[in-house]
Amino acid sequence: MLLADRSWSDVQRGVTVVVPVGSFEQHGPHLPFDTDAVIASAVGARVADHLGAALLPSLMYGSSGEHQSFAGTVSIGAEALRLVIVELVRSLRTWAGRVVLVNGHGGNAPALAASVAQLVAEGHEVGWVPCEWISCTPDGLPWDAHAGRSETSLMLHLDPDRVDLTRAEVGNTTPVGELMAAMMAGGVAAVAPNGVLGDPTGASAEEGEVLLASMVAAALDRLGDPPHAASQERR
Ligand SMILES: [Zn+2]
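Residues numbered from 1 in each chain as written. Predicted model: local features only at pLDDT ≥ 70, side-chain atom pairs only at ≥ 80, totals over all residues. Heavy atoms only, no water.

### A closer look at the packing of helix α1 (residues 35–51) against helix α6 (residues 205–222)
Counted only if it meets this: What counts as an axis is a line fitted to C-alpha atoms, over the stretch in contact for a helix, and the angles between N-to-C directions run from 0 to 180 degrees. By definition, any uninterrupted DSSP run of H or I lasting at least four residues is a helix, any uninterrupted run of E lasting at least two residues is a strand, and each is numbered from the N terminus. Angle categories: roughly parallel below 35 degrees, roughly antiparallel above 145, roughly perpendicular from 65 to 115, and oblique for all the rest. By convention the crossing between two helices is left-handed if the near helix lies anticlockwise of the far one by an angle smaller than a right angle, and right-handed if it lies clockwise. The contact criterion used is simple: two residues touch if any of their non-hydrogen atoms lie within 4.5 Å. Only Asp, Glu, Lys and Arg are considered charged in this grouping, and only Ala, Val, Leu, Ile, Met, Phe, Trp, Tyr, Cys and Pro are considered nonpolar; every other residue, Gly among them, is considered polar.
Between α1 and α6, the least distance of the axes is 10 Å, while the angle of their chain directions is 55°. The angle between the axes of α1 and α6 places the two elements in the oblique class. For the pair α1 and α6, the sense of crossing is right-handed. Contact residues: I39, A42, V43, R46, V47, H50 and L51 in α1; L212, M215, V216, A219 and L220 in α6. Of the residues contributing to the contact of α1 with α6, the split by class is 10 nonpolar, 1 polar and 1 charged.

### Structural notes on the pattern of salt bridges
The following threshold applies: For this document, the term salt bridge refers to a Lys or Arg side-chain nitrogen within 4 Å of an Asp or Glu carboxyl oxygen. The classification of residues rests on relative accessible area computed with a 1.4 Å probe and restricted to protein chains. Under 20% of the type maximum is buried, over 50% is exposed, and intermediate values are partly exposed.
Enumeration over the complete set of coordinates arrives at 8 salt bridges. A salt bridge links E122 to R90, with the nearest nitrogen and oxygen atoms 2.7 Å apart. Pair noted here: E122 is in the loop between α3 (109–121) and β4 (126–130) and R90 is in helix α2 (residues 77–92), with a separation of 32 residues, a long-range link. Judged by its relative accessible area of 31%, R90 falls in the partly exposed class. With its nearest N and O atoms 2.7 Å apart, the salt bridge here joins R149 to E207. Pair noted here: R149 is in helix α4 (residues 149–158) and E207 is in helix α6, with a separation of 58 residues, a long-range link. Overall, the relative accessible area of 24% leaves R149 in the partly exposed class. On the basis of relative accessibility, which here comes to 8%, the residue E207 falls in the buried class. Residues participating in the shared-partner salt-bridge network are D34, D159 and R162.

### Some points on the coordination of the zinc ion
Six octahedrally arranged donors around a metal ideally form angles of 90 or 180 degrees; four tetrahedrally arranged donors ideally form angles of 109.5 degrees. Condition: Sites may look incomplete, because water is not among the atoms used; the donor set itself consists of N, O and S atoms within 2.8 Å of the metal (3.2 Å for Na, K and Ca).
Coordination of the zinc ion by the protein is provided by H27 (NE2), D36 (OD) and E151 (OE), with metal-donor distances spanning 1.8 to 2.1 Å. Binding-site remark: the zinc ion is held by donors from one chain whose sequence spacing is H-x8-D-x114-E. With a gap of 124 residues between them, H27 in the loop between β1 (17–21) and α1 and E151 in helix α4 connect regions that are remote in the sequence. The residues H27 and E151 share a single accessibility class, namely buried.

### As for a nonpolar patch on the surface
Keep this limit in mind: Think of a patch as exposed residues, more than 30% relative accessible area, with no salt bridge, where like charges cluster within 9 Å and nonpolar side chains (Val, Leu, Ile, Met, Phe, Trp, Tyr) cluster within 5 Å. Working definition of accessibility: Shrake-Rupley area with a 1.4 Å probe, residue cover restricted to the visible protein chains.
There is a patch of nonpolar side chains on the surface, built from Y61, V74, I76 and V84 and spanning about 290 Å² of accessible area. With respect to the helices, strands and loops of the structure, V84 is situated in helix α2. A residue is classified by how much of its surface remains accessible, and V84, at 30% relative accessible area, is partly exposed.

Structure follows, in structure tokens:
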């Protein structure tokens with residue numbers, strides 16, 4: 001159920017609510033600023049379907065300081081995001097049951113962890129899951145961090161009209177862990193002037209579909225509600 005399309009009289013008190021959390025940050029020369037929100041929203045929609053939950057629109061602004069030197073990037077920072085999540089969940093919980101936050105941007109993780117810890121201590125039924133895939137997918141698809149093959153494939157599957165492959169460029173393909181110190185000091189631009197951490201070469205909608213299914217399965221698994229358990233229940 002897309003909550004934005006409904007009226008208050010459609011909403012059952014105690015319903016589970018899924019909230020996708022995105023970002024508004026550069027995603028290389030070929031992907032749109034809201035890429036993380038599009039992915040979080042797609043994962044969130046499938047998680048919501050599985051849980052029989054209501055889906056909120058994506059939170060569009062996150063903590064993206066590492067991308068700030070690229071024009072167009074908009075970040076509210078970790079502390080503001082933490083507070084937004086706390087107040088949003090407190091408000092939701094006046095009528096909702098469980099709240100599940102689905103995060104599409106790694107830079108949001110510390111704010112989500114801090115806000116959820118505070119909310120749980122306040123007694124709220126709330127949790128968060130990252131949009132990450134199970135690294136051991138049967139076909140062993142490669143994963144890269146930012147605006148590379150993985151995110152490009154996901155966007156080719158989800159929103160192909162907004163992907164401009166004629167502008168796709170290889171970026172810095174060094175594993176992100178090894179770039180962290182340089183990125184902490186100088187942001188993403190210091191290690192990848194075109195904003196790409198990875199290589200979009202070889203991206204495809206088909207690969208994006210496999211990735212998305214894997215991310216949804218990983219999210220449900222983390223929530224303690226894996227898809228196979230549900231299919232067994234249905235039998
Ligand atoms: Zn992204």
